[in-house]
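# Topology and contacts: notes
What follows is the residue order along each chain.
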Amino acid sequence: QVQLVESGGGLVQAGGSLRLSCAASGLTFSSYAMGWFRQAPGKEREFVASTRWSVSSTYYADSVKGRFAISRDNAKNTVYLQMNSLKPEDTAVYYCAAGVVLRQGYYNPGSYDYWGQGTQVTVSS
């Protein structure tokens, strides 16, 4: 079956960096668009970044543009999220997701078919 496993979360001070990884199995990875979403306590899940089959097509939420970078390694079935200049408001559980068609748009969680279990990112001030 399809599995998405995130790693790399943790506690970091404001201004610091983290790199999240999401290893995929059970699917033809190169055929899927991959996205990162996050959910803070009491808030809805929100779009962070997405990449289609090649990293030439990447999309970012305005709140992370210029600080975060999404990339993928199709040979390793892995998508990454490099997070720099972290802020306390970036604190959330971060989820990776996989989708083929993205009918509702790359920013909509409903477009994605598979989800990981999430990894906690906490940014202290």
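Let me sum up the structure you'll find in this document. (Residues numbered from 1 in each chain as written. Predicted model: local features only at pLDDT ≥ 70, side-chain atom pairs only at ≥ 80, totals over all residues. Heavy atoms only, no water.)

A few words on the sheet that holds strand 7 (residues 68-73). On the basis of which strands lie adjacent, the open sheet formed by 4 strands has the order 1-3-8-7 and antiparallel pairing. Only two strands of the sheet have a single partner each, and these edge strands are strand 1 (3-7) and strand 7. The mean inter-strand angle of the sheet, taken between neighbouring strand axes irrespective of direction, is 15°. Bridge analysis of strand 1 against strand 3 (residues 18-25) gives 5 bridges, and the strand direction is antiparallel. Among the inter-strand pairings, Glu6 is bridged to a residue of strand 3, identified as Cys22. (Pairing = 2+ DSSP bridges. Helix = DSSP H or I, 4+ residues; strand = E, 2+ residues; numbered from the N terminus. Axes fitted to C-alpha atoms, helices over the stretch in contact; angles between N-to-C directions.)

Turning next to the pattern of salt bridges. If you walk through the whole model with that rule in mind, you get 4 salt bridges. One salt bridge in this structure joins Arg38 and Glu46, with 2.6 Å as the shortest N-O distance. For Glu46, a relative accessible area of 35% translates into the label partly exposed. When the shortest N-O distance is used, the salt bridge between Arg67 and Asp90 registers 2.7 Å. A residue pair is termed long-range when its members are at least 10 positions apart, and Arg67 in the loop between strand 6 (58-60) and strand 7 and Asp90 in the loop between strand 8 (78-83) and strand 9 (92-99) qualify at 23 residues. The buried category is assigned to Arg67, whose relative accessible area is 11%. (Salt bridge = Lys/Arg side-chain N within 4 Å of Asp/Glu carboxyl O. Buried < 20%, exposed > 50% of the residue type's maximum accessible area, 1.4 Å probe, protein only.)

Another aspect to go through is the packing of aromatic side chains. With the rule as written, the count across this model stands at 8 aromatic pairs. Geometrically, the ring pair formed by Phe37 and Tyr112 is edge-to-face, given 5.2 Å between the ring centres and 80° between the ring planes. Taken together, the positions of Phe37 in strand 4 (residues 33-39) and Tyr112 in the loop between strand 9 and strand 10 (114-115) put the pair 75 residues apart, joining distant regions of the chain. For the pair Phe37 and Tyr112, a shared accessibility class is recorded, and that class is buried. Judged by centre distance (6.2 Å) and plane angle (65°), the ring pair of Tyr112 and Trp115 falls under edge-to-face. Aromatic rings pair up to connect Phe37, Phe47, Tyr59, Tyr106, Tyr107, Tyr112 and Trp115 into one cluster. (Phe/Tyr/Trp six-rings, centres within 6.5 Å; stacked < 30°, edge-to-face > 60°.)

This is a description of form; function is not addressed.
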